[in-house]
Amino acid sequence: MAAASLRGVLRRRRTQALLFLGILGPGLITSVADNDAGGIFTWASAGSKYGYDLVWLLVVVTVALMVVQEFNARLGVVTGKGLADLIRERFGVRITVFAMALLLVANAATVVAEFAGIALAGEAFNVPRFVTVPLAALVVWFLVLRGSYAVVEKVFLAFALVYLTYVVSGIIVHPPWMEVARHTLQPHIHLNSDYLLLAVAIVGTTITPWMQFYLQASVVDKGLREDKLQYERIDVFVGSLFTDFIDFFIVVATAATIFAVHGFTNITDAKDAAQALVPVAGQFAKGLFVLGLAGASMLAAAILPLSTAYAVTEAFGWERGVGFSVREAPAFFIIFTGVIVVGALTILFPGVPLTAVTLLSQDVNGLILPAILVFMFILINDRRLMGKYVNGRFANSVGGLTIGGVILLTVLLLLSTLPGFPWVRL
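Residues numbered from 1 in each chain as written. Predicted model: local features only at pLDDT ≥ 70, side-chain atom pairs only at ≥ 80, totals over all residues. Heavy atoms only, no water.

### Side note on the overall build of the protein chain
The helix and strand inventory of the protein chain stands at 20 helices and zero strands. When the 426 residues of the protein chain are sorted by exposure, 56% land in the buried category. Long-range contacts, defined here as pairs at least 24 residues apart, represent 83% of the contacts in the protein chain between residues at least 6 apart. As presented, the protein chain carries roughly 17700 Å² of accessible surface, and 70% of it is formed by carbon and sulfur atoms. (Helix = DSSP H or I, 4+ residues; strand = E, 2+ residues; numbered from the N terminus. Buried < 20%, exposed > 50% of the residue type's maximum accessible area, 1.4 Å probe, protein only. Contact = heavy atoms within 4.5 Å. Areas by Shrake-Rupley, 256 points an atom, 1.4 Å probe, with all protein chains shown as cover.)

Encoded structure:
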C-alpha cells in the first residue's frame, strides 16, 4: 500500500513537472531579454564604480520585478487578452493611440540600442558593425517570419543560456565571497548624485514598458488559461530570479576586476567592461563577457520588435501572432519588420554614438513606464474583469508600494536630467 501510494505521488510530481516545462517560456524569456545591452552596461557600471555596494539593491528590484510580472501574467491568463487590448477596452481609443505612439517610439529607440550592443560585441573583436548588424537583423527577421510560436520560443530559451557566460566570468575572477555576501545583506548607500542616479537607472532598466506588453501577449499567444495560472506564476518567478542572478554575476565580475584594481571607474559601454577584464582575468573572461553581450542583444533585438507588433495590433484589433502567415496578419509582420529595419539602419549611419543611443533608450522608456504601471494596477483591481482573481489587500499593499516606488524613482531619474536639479550638488 505504501509503495503504491509513493508511486502515485511520484507520478503526480512527474506530471506537474512536465506541465511546468510545457508552460515555461513567457515569464523566463521576458525577464531574461530585459538584460539587454543597456541592462548589462548599467550593472557593469554599478560594479566598476561602486564595487559590491549596489548588490543589496538586487534583492529589492527582484521582488519588484516578480510582483509586477505576476500582475501582468495574471491579467493575460484570466482575460485571454493582451495589455493593449485591455487598455483600449477600459480607457478608450484616444488614450490607447497616445500610449501606442509613445510605446512605438520607446521600443524603436530600445531596438536601436540592441543593435548597438551587437555592434559593440563585434567591434570588441575587430568585426565591423557593417557585418554584424545586417547579419543579426536577417537572423532575427527570418526566425520569427518562418517559425511557429513553439519554435520561436525554443530558440529564445536557447539564447537565454548564453547569459550563463556571466556566471562563469564572475566565478573565474575569484571574488571575495564573504564580502559579497555582506554587501548583499547590508545596504551600503552613498549620498552623492552619481550613486543615486545609478540606483534609479538600475530600477529603470529592470522594469520596462515593453516587458508588460510582451509577457501578456505571449501568455495569450501560447493559449494559457486559468487552470495553468499557478504554473505561469512559477515561470514568472523563475524568470525574475534568473535574470537578477545573471545581474549579480555581472556586478561581481566587474567589481572584482575593474573596481578592485582601479577603484571608482567610469566605463563608456559594455565593450569597455569586457576589455577591462583582460589584465586581471585574461582573454577568456573577455570572450565570455562579449559573448553574453552579443547573445543578450540578439535576444532583445528579436523580443522588442515582437513586443511592438503585438501591442500595436492588439490595440487596433488586428490579427497577430507568430503562428500566422504574412498574408493572414500583414500589419503584425509589417510592424515587426519595420522596427528591425529602423533599428539596424540607424546603427549603420556613420558617427552614431552607440553609448548615447543606449542611454537615450532608457530615458524614453522612463517617460511611459509610470502610465503603463498605473493602467495595469487599475485593471488588476477591476472585479468585473478579474472575478475571483482580483487583487486582495496584501497584493495591493505590495503592488502599490512597488509601483509607487518605481514611479518615484523614474520621476527622479527624469528630473535629474534638468539643469540645476537639487541633488546634483550633493
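### Quick look at the pattern of salt bridges
Evaluation of the coordinates by the stated rule reveals seven salt bridges. Between R74 and E70 there is a salt bridge whose closest N-O contact spans 2.9 Å. With R74 and E70 both in helix α4 (residues 56-79) and four residues apart, this pair spans about one turn of that helix. E89 serves as the salt-bridge partner of K81, at 2.7 Å between the closest nitrogen and oxygen. Looking at K81, the relative accessible area reads 31%, which means it is partly exposed. Members of the salt-bridge network, linked through shared partners, are E70, R74 and R233. (Salt bridge = Lys/Arg side-chain N within 4 Å of Asp/Glu carboxyl O.)

### Describing the nonpolar core
The tendency in soluble globular proteins is for nonpolar side chains to be buried as a group. Counting residues in hydrophobic clusters, the biggest one holds 121 residues, and the most contacted among them are L54, M100, F115 and F213. Take this core: its biggest share by element is 17 residues, from helix α16 (residues 283-315). When residues no more than four places from it in sequence are discounted, the contact partners of F115 are V133, A136, A137, A301, I340, G343, A344 and I347. (Core = buried A, V, L, I, M, F, W, Y, C linked by side-chain atoms within 4.5 Å.)

### Some points on the confidence of the model for the protein chain
In regions of low pLDDT, the predicted coordinates are not meant to be interpreted in detail. On average, the protein chain scores 77 in pLDDT, and the residues at 70 or more come to 77%. By mean pLDDT, the top-scoring element of the protein chain is helix α19 (residues 383-386) (90), and the lowest-scoring one is helix α1 (residues 2-23) (44). (pLDDT = per-residue confidence, 0-100.)

### Quick notes on the side chain of D244
Along the chain, the position of D244 falls in helix α13 (residues 229-262). We note that D244 is buried and unpaired, the nearest opposite charge coming from R233 at a distance of 18 Å. Those residues in contact with D244, other than ones at most four positions away along the chain, are L58, V61, T62, L65 and T206. (Lys, Arg positive; Asp, Glu negative; His and termini not counted.)

### Regarding a nonpolar patch on the surface
Side chains of V93, V97, F316 and W318 sit close together on the surface and give an oily, nonpolar patch of about 350 Å² of accessible area. Along the chain, W318 falls in the loop between α16 and α17 (330-348). (Patch = residues over 30% accessible without salt bridge, like charges linked within 9 Å, V, L, I, M, F, W, Y side chains within 5 Å.)

### Examining the packing of aromatic side chains
Counting across every chain of the model gives eleven aromatic pairs. Through successive ring pairs, a cluster of aromatic residues spans W177, F245, F248 and F249. Across the ring face of F91, the terminal group of R90 is positioned such that the distance to the ring centre comes to 5.5 Å. (Phe/Tyr/Trp six-rings, centres within 6.5 Å; stacked < 30°, edge-to-face > 60°. Lys NZ or Arg CZ within 6 Å of the ring centre and 35° of its normal.)

### Some remarks on the packing of helix α6 (residues 93-123) against helix α12 (residues 209-221)
With their axes 10 Å apart at the nearest point, α6 and α12 run at an angle of 105° to one another. It follows from the interaxial angle that α6 and α12 lie roughly perpendicular. Between α6 and α12, the residues in contact are M100, L103 and N107 and P209, W210 and F213, respectively. For the contact of α6 with α12, a count of residues per class yields five nonpolar, one polar and no charged. (Axes fitted to C-alpha atoms, helices over the stretch in contact; angles between N-to-C directions. Parallel < 35°, antiparallel > 145°, perpendicular 65-115°, else oblique. Nonpolar A, V, L, I, M, F, W, Y, C, P; charged D, E, K, R; others polar.)

### Examining the side chain of R74
According to the relative accessible area criterion, R74 is buried, its value standing at 4%. One polar contact links R74 to N391, side chain to side chain, over a distance of 2.8 Å. Ignoring sequence-local partners within four residues, the contact set of R74 consists of L229, R233, I380, M386, Y389, V390 and N391. (Polar contact = N/O pair within 3.5 Å; in protein donor to acceptor, adjacent residues only side chain to side chain.)

### Concerning the packing of α4 against α13
Two numbers describe how α4 lies on α13: the axes approach to 9 Å, and their chain directions differ by 150°. By the angle between their axes, α4 is roughly antiparallel relative to α13. Crossing of α4 over α13 shows right-handed handedness. Within the contact between the two elements, α4 uses L58, V61, T62, L65, M66, Q69, E70, A73, R74 and V77 and α13 uses L229, E232, R233, V236, F237, S240, L241, T243, D244, D247 and F248. Residue composition of the contact of α4 with α13, by class: eleven nonpolar, four polar and six charged. (Left-handed = near helix turned anticlockwise from the far one by under 90°.)

### Overview of α12
Its 13 residues give α12 an end-to-end C-alpha distance of 19 Å, which sits within 8% of 18 Å, the value for a rise of 1.5 Å per residue. The buried fraction of α12 amounts to eleven of the 13 residues, a majority that puts the element mostly inside the structure. Taken residue by residue, α12 has P209, W210, M211, Q212, F213, Y214, L215, Q216, A217, S218 and V219 as its buried positions. Immediately beyond the C-terminal end of α12, within one or two residues, lies G223, with a positive phi of roughly 80°. (Expected span 1.5 Å × (residues − 1).)

### Regarding the environment of P370
Note on placement: P370 falls in helix α18 (residues 354-380). Judged by relative accessible area, which is 17%, P370 ranks as buried. Along the primary structure P370 and I407 are separated by 37 residues, whereas in three dimensions their C-alpha atoms are 5.2 Å apart.

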